[in-house]
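# Breakdown of the fold
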Amino acid sequence: MTRRVKTFATTAAIALGLCALPAVAQAEEIKFAVGEDYPASTVTYLGTASPGDFADLYRDGRADGNLDMVLSNTGGGPVILYGVGGGKFTPERTVVNNSDTDASAVKVADFNADGVPDIVSGGYTTPRLTVVLGRRDGSFGVSGQYAFQGVWPAQIEVADLNGDGKLDVAASAYQGGTITILLGKGDGTFEPAAPVPGTQVALALLVTDLDGDKIPDIAVTESSQSLGLLGSMSGRAIHGAVKILRGNGDGTFKETAVYPVGTLSEIVRYGDIDEDGRGDLIIFNALIANDASILFGRDGGTFAPEQRLRLSGSSTNDVQDIRAGDSSEGLQLRDFNADGHLDMAVTQIISSRLVLFEGDGKGRFSPGISLNTPGFPEDLLAGDVDNDGCLDLAVPGNLIPTDGTSDVTVPRVTVYRNITKACRKGAAATAVAVPPALRCTKRRLVLTDVGIQGRRVRLRGVADTKLTGKTVVIRSAGRTVARARVTAGGTFATTAALPAARGRDATRYQAGVGSARSLALKLVRRVTVRTARSSGGNVTIAGRVSAPLAAPRAALTLSRRVDCRFQVVRRFKARPDGTFSVTVPLSKGADAAYRVGTRVRRSVRNPETFPTSSLPVYFAKT
């Protein structure tokens, strides 16, 4: 393995309010250290929108708490690199026997709800999807192979598409015009459903709830075969739009909108980049125009017309001020420095670079310094590989031999560790002697943030400073799921494995040190605050209320706590899709906590309503 150490940084902004953190913090420069190169697939990597996944796999009867890499492989079954701690991985490849000739696209999920991760892969040379179920001894067994609609899989997504609590599979094709749907039975086997009419070449696929009704929807890139490029099958298409397919809740979908975007759109991501409580789409248009399209979210899961961003040279949208390089092949839209704003990490295949753009929470990104990568970076994975609370990056691609003996590229994956101090466990800043979350309780520790972050559960809290150095034990359903250490500032932070979809709504987490216990908080809440920031003497809080709301639609209340009493300071309505954004004057001269409350129906069929609220968000006195 070749060892290289290098860092890059970007100029960060001031985070005036952090959602569910003890106080106001200043954003830190984002820094990554280049780790090590590891062998990837067994033959030259050919590129896919689902090149791999992170998961805490089982070996020798247990999962060790370190993320492992599962990578695509066009020369056999999926390849596993096991994490050994500290951001390092085994140098040896473990190839999973999937009874197929290859696995050009892979995804990891627990399909039979036994707590052990499983793998679904799609064949490059055979049009089918294969599911292998993980065993506690680290082995895998094929549970089924299913026909695939198209030439070969471009991207695989996993979600509960029909609302039965069991994970299903959606897969797009490089050619074929449809999206393959497999409905899970809960035991690791699947029932093929009618394919979803998609596009002539459905490269970029996104499955998420776009309209707030708790039913997964689909965004997929449109294309036409009007121009031949590169002499390849996928190159015979030009992408010109993204289709929105609204989920019906039974595993079927209905096309509701088509938005023009750029050409050869191979990547689509979803996140609230302008922090107005509505998700936005960002789509990379590779190889030809080499730019990106941002579609800002509107009410009801609809989107504004694209704003085009140049990824090299001058931007056509001065508001965005994007600068990067050529042929973007990988994208992660995540918060890399814990300032509460989404950032972008981008791979550039021709110039062999990893480029970081820092988001300001207003829909803009500032360019960062690029980091050279070995060979041709094909895509990008994100996960906390060293368990320090920061999101790290892994770049699968092809390494060019440097000994001059061959011009054949070698498939490798390079791990970049995030060494930004602000995002490390327990690094959340506090500007007051007593954290605001502890001021109105007799408890010695409080969980302030419990939420889903990728495939992990984010857990943050504050504790009495007399507990500094003590180990916080996080428990759920009677068992320990994570541990964290109390910092000198009285904070703690960690992550836990994401529970299976079945029963997730009822999952609760409780923190404890000795006999001291926090309240048990639910993972899934009906009212969530996504962002909270202050500017110009005002505080703006944005989030979402999950359907169904009370009927008629209940008003929301924003309450402020000063001197340990919550008082309603604003009544307002959510948008039709359940998102909201409200601005009020920031309390001066005292620490304050804000929360959003309403009444919601118990279910679609049960009209009875009950009160609920978000977790508080805290701001230090100004």
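Below you will find a few notes about this structure.

Analysis parameters
Residues numbered from 1 in each chain as written. Predicted model: local features only at pLDDT ≥ 70, side-chain atom pairs only at ≥ 80, totals over all residues. Heavy atoms only, no water. Pairing = 2+ DSSP bridges. Helix = DSSP H or I, 4+ residues; strand = E, 2+ residues; numbered from the N terminus. Axes fitted to C-alpha atoms, helices over the stretch in contact; angles between N-to-C directions. Core = buried A, V, L, I, M, F, W, Y, C linked by side-chain atoms within 4.5 Å. Buried < 20%, exposed > 50% of the residue type's maximum accessible area, 1.4 Å probe, protein only. Contact = heavy atoms within 4.5 Å. Polar contact = N/O pair within 3.5 Å; in protein donor to acceptor, adjacent residues only side chain to side chain. Phe/Tyr/Trp six-rings, centres within 6.5 Å; stacked < 30°, edge-to-face > 60°.

### Notes on the sheet that holds strand β46 (residues 527-535)
As summarised here, the arrangement of the three strands in space is β46-β47-β50, forming an open sheet in which the pairing is antiparallel. Only two strands of the sheet have a single neighbouring strand rather than two, namely β46 and β50 (579-585). Within this sheet the neighbouring strands show an average axis-to-axis angle of 20 degrees, counted without direction. Of the pairings in the sheet, the one linking strand β47 (residues 538-545) to β50 comprises seven bridges and is antiparallel in character.

### Considering the nonpolar core
Counting 22 residues, the largest nonpolar core has I541, L558, F580, Y594 and V596 as the members making the most contacts within it. Those elements giving two or more residues to this core turn out to be β46, β47, β48 (556-562), β50, β51 (592-601) and β53 (617-619). The element that contributes the greatest number of residues to this core is β51, accounting for four residues. Not counting residues up to four positions away in its chain, the partners in contact with I541 are V529, T531, A532, L558, F580, S581, V582, Y594, V596 and V617. Counting residues in hydrophobic clusters, the runner-up holds 21 residues, among them V457, V472, F492 and L521.

### Details of the side chain of D53
Tracing the chain through its elements places D53 in strand β4 (residues 52-55). Here D53 falls in the buried class, since its relative accessible area comes to 9%. At 3.0 Å, the side chain of D53 forms a polar contact with the backbone nitrogen of V108. Once residues within four sequence positions are removed from consideration, D53 is found in contact with D68, M69, V70, K107, V108, L381 and R455.

### Concerning the sheet that holds strand β42 (residues 491-497)
Two modes of strand pairing occur in sheets, parallel and antiparallel, and in both the strands are linked by backbone hydrogen bonds. As summarised here, the arrangement of the three strands in space is β38-β39-β42, forming an open sheet in which the pairing is antiparallel. Edge strands, defined here as strands with exactly one partner in the open sheet, are β38 (445-453) and β42. Within this sheet the neighbouring strands show an average axis-to-axis angle of 20 degrees, counted without direction. Here strand β39 (residues 456-463) pairs with β42 via seven bridges, running antiparallel. Paired with L459 across the two strands is T494, which belongs to β42.

### Details of the packing of aromatic side chains
In the structure shown here, the tally under the stated rule is six aromatic pairs. With a centroid separation of 5.8 Å and an interplanar angle of 75 degrees, the aromatic rings of Y38 and F89 are classed as edge-to-face. Pair noted here: Y38 is in strand β3 (residues 32-39) and F89 is in strand β10 (residues 88-89), with a separation of 51 residues, a long-range link. The pair formed by Y38 and F89 is uniform in burial state, with each residue classed as buried. Here Y146 and F190 contribute two aromatic rings whose centre-to-centre distance is 5.9 Å and whose plane-to-plane angle is 80 degrees, an arrangement assigned as edge-to-face.

### Remarks on the side chain of T540
One can find T540 in strand β47. Residue T540 is classed as buried on the basis of its relative accessible area, which comes to 18%. Among the polar contacts made by the side chain of T540, one reaches the side chain of T583 at a distance of 2.8 Å. Residue contacts for T540: discarding those within four places in its chain leaves T531, A532, R533, S581, V582 and T583.

### Description of unusual backbone geometry
The phi torsion of most residues other than glycine is negative, and most of the peptide bonds are trans. Unusually for a residue other than glycine, A113 sits at a positive phi of about 55 degrees. Relative to the elements of secondary structure, A113 occurs in the loop between β12 (105-109) and β13 (118-122). The exposure class of A113 is partly exposed, given its relative accessible area of 38%. Although it is not a glycine, A477 adopts a positive phi angle of roughly 55 degrees. For A477, the location among the structural elements is in the loop between β40 (471-476) and β41 (479-485).

### Digging into the pairing of strand β18 (residues 178-184)
Along a regular strand, successive side chains alternate from one face of the sheet to the other. Counting buried positions over the seven residues of β18 gives seven, a clear majority of the element. Relative to β18, strand β17 (residues 168-173) runs antiparallel, the two being bridged by three bridges. Bridging from a neighbouring strand, V169 pairs with L182 of β18. With two bridges connecting them, β18 and strand β20 (residues 196-197) associate as antiparallel partners. Bridged to T178 within β20 is P197. Examined bridge by bridge, β18 and strand β19 (residues 190-192) share three bridges and lie antiparallel to one another. Residue pairing for β19: G184 is matched across the bridge by F190. With antiparallel pairing between neighbouring strands as the criterion, β18 and β19 make up a hairpin whose turn holds five residues, including G186 at a positive phi of roughly 90 degrees.

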